[in-house]
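Spelled out from the first residue to the last, the chains are:
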Amino acid sequence: MSEAKFVVRGPAAQSQGNLSSLLASTGLSHAEEDTYAVQDYITSRDALTELVKTQDVGSVFLRPEADFWSRFPRFSFHRTFEHFYQYYQNHVEVLLDSSTGVSTLTVRTFRPDDSERVASALLVSAENLINRMNERQRENAMGDARKEVGVAEARVQQVAKEIAEFRNREALLDPTKQSVPMLAGINELQTMLSRTNLQLSQVTTSTPRSPLISDLRRRAEALQGQITDARSKITGTDASLVPKITAFDMLELQRQFADKQLASATSSLEAERLQSERQQLYLETIVRPNVSDYPAYPKRLASIAVVFACLCGAFIGATLVISGAREHRIA
């Protein structure tokens, strides 16, 4: 019999609040779940298949040291993989100490070096399983992060395309900035109109028959018309700048959101990359498989004592039955 002890460790758990700790205590921890997964794998058909390929485990249980009742195949087993798997489960055992988290692997064969070799191979297979689990976890995490980055990049490109189409369609680079000089021109026209109206009021009051009155009125009407025309280009109809400014602001807002989404997705991808560089789970062997100095099975003295006790019991029982039968005949 060869015995080994190992533990499955994961990343250090972060401190949690009282409620989180209470909820976590009602179920299995992540490390315990992975430990049970490793145990199930060691006693699985996949592990046996790997042993058959790499360790020729079929010949291990057919050594000349094995007696008729213990070797494989024997009278109660056929040369099938399913029967061999049932036989394998009786010779390989994994137990978990829930208080310490340490698992004990026990392998029983007919030679000490065979037991040590099979136990070592099972530990290697279990470690390979942990590595595959880590790789699958990394692939899933990185795949989701890359997918989010791709979606964010596609959104940024789509918004940029919509902004370019808007500028080509409206012949405007930035309607908000281009409206600034137009508003400044309107303010200037309003200033000129105010001065003209003030001058017209003064002339009308001082010299009601002055020929300047008609010129000032025409000038005021012209300025008012220019102001109205300039305002109509900014507000009023669908061809004015206000709807264009609104549409452009919406596109700019979408571009800001898309840029933030891309930055967040890129940051998450980098965080996942850094996390994937660290091994999430690993199998640590505490006690290497040993080579026994003497066989632990069969327990000869115990077996002889059991057989002797059974025979004595059978003899005493038979004696009592025969004695009772004789007494019955005599009576």
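The structure this text deals with has already been given above.
Not measured: the values here are computed from a predicted model.

### Brief notes about the packing of helix H3 (residues 45-55) against helix H5 (residues 81-89)
Thinking step 1. Running from N to C, H3 and H5 point in directions that differ by 100 degrees, and their axes come no closer than 11 Å. Taken together, the axis directions place H3 and H5 in an arrangement best described as roughly perpendicular. Contacts between H3 and H5 pair Arg 45, Ala 47, Leu 48, Thr 49, Leu 51 and Val 52 from the former with Phe 81, Glu 82, Phe 84, Tyr 85 and Tyr 88 from the latter.

### Quick look at the sheet that holds strand E2 (residues 92-97)
Thinking step 1. Across the sheet, which stays open at both edges, the four strands sit in the order E2-E3-E1-E4 with antiparallel pairing between neighbours. Whereas interior strands pair on both sides, the edge strands pair on one side only; in this sheet they are E2 and strand E4 (282-287). Mean inter-strand twist for the sheet, computed between neighbouring axes without regard to direction, equals 30 degrees.
Thinking step 2. Bridge count for strand E1 (residues 2-9) against E4 is five bridges, and the pairing is antiparallel. Residue pairing for E4: Val 8 is matched across the bridge by Leu 283.
Thinking step 3. Its contacts with the sheet put helix H6 (residues 112-170) on E1, E2, strand E3 (102-107) and E4, and the angle it makes with E3 is roughly 140 degrees.

### Notes on the environment of Asp 40
Thinking step 1. Residue position: Asp 40 is located in helix H2 (residues 30-42).
Thinking step 2. Since its relative accessible area comes to 55%, Asp 40 is described here as exposed.
Thinking step 3. Along the chain, Asp 40 and Val 94 lie 54 residues apart, while their C-alpha atoms are 8.6 Å from each other.

### Description of a nonpolar patch on the surface
Thinking step 1. A cluster of nonpolar side chains, namely Met 250, Leu 253 and Phe 257, defines an oily patch on the protein surface of about 300 Å² accessible area.
Thinking step 2. Within the element layout of this structure, Leu 253 appears in helix H9 (residues 241-276).
Thinking step 3. Assessed through its relative accessible area of 36%, Leu 253 is described here as partly exposed.

### Here's the deal with the packing of H3 against H6
Thinking step 1. Running from amino to carboxyl end, H3 crosses H6 at an angle of 120 degrees, the nearest separation of the two axes being 10 Å. As the angle between them shows, H3 and H6 are arranged oblique. The handedness of the crossing between H3 and H6 is right-handed. Contact with H3, carried on its side by Ala 47, Glu 50, Leu 51 and Gln 55, involves Arg 117, Val 118, Ala 121, Leu 122 and Ser 125 of H6 and no other residues of that element.
Thinking step 2. The class makeup of the residues in the contact of H3 with H6 is five nonpolar, two polar and two charged.

### Here's the deal with the environment of Glu 116
Thinking step 1. Within the element layout of this structure, Glu 116 appears in helix H6.
Thinking step 2. Its relative accessible area of 25% is what places Glu 116 among the partly exposed residues.
Thinking step 3. Distance from Glu 116 to Glu 3, taken between C-alpha atoms, is 7.9 Å for residues 113 residues apart in sequence.
Thinking step 4. The contact partners of Glu 116, leaving out residues within four places of it in the chain, are Ser 2, Pro 289, Asn 290 and Val 291.

Basis of the calculations
- Residues numbered from 1 in each chain as written.
- Predicted model: local features only at pLDDT ≥ 70, side-chain atom pairs only at ≥ 80, totals over all residues.
- Heavy atoms only, no water.
- Axes fitted to C-alpha atoms, helices over the stretch in contact; angles between N-to-C directions.
- Helix = DSSP H or I, 4+ residues; strand = E, 2+ residues; numbered from the N terminus.
- Parallel < 35°, antiparallel > 145°, perpendicular 65-115°, else oblique.
- Contact = heavy atoms within 4.5 Å.
- Pairing = 2+ DSSP bridges.
- Buried < 20%, exposed > 50% of the residue type's maximum accessible area, 1.4 Å probe, protein only.
- Patch = residues over 30% accessible without salt bridge, like charges linked within 9 Å, V, L, I, M, F, W, Y side chains within 5 Å.
- Areas by Shrake-Rupley, 256 points an atom, 1.4 Å probe, with all protein chains shown as cover.
- Salt bridge = Lys/Arg side-chain N within 4 Å of Asp/Glu carboxyl O.
- Left-handed = near helix turned anticlockwise from the far one by under 90°.
- Nonpolar A, V, L, I, M, F, W, Y, C, P; charged D, E, K, R; others polar.

Any link to function would need more than the numbers given here.
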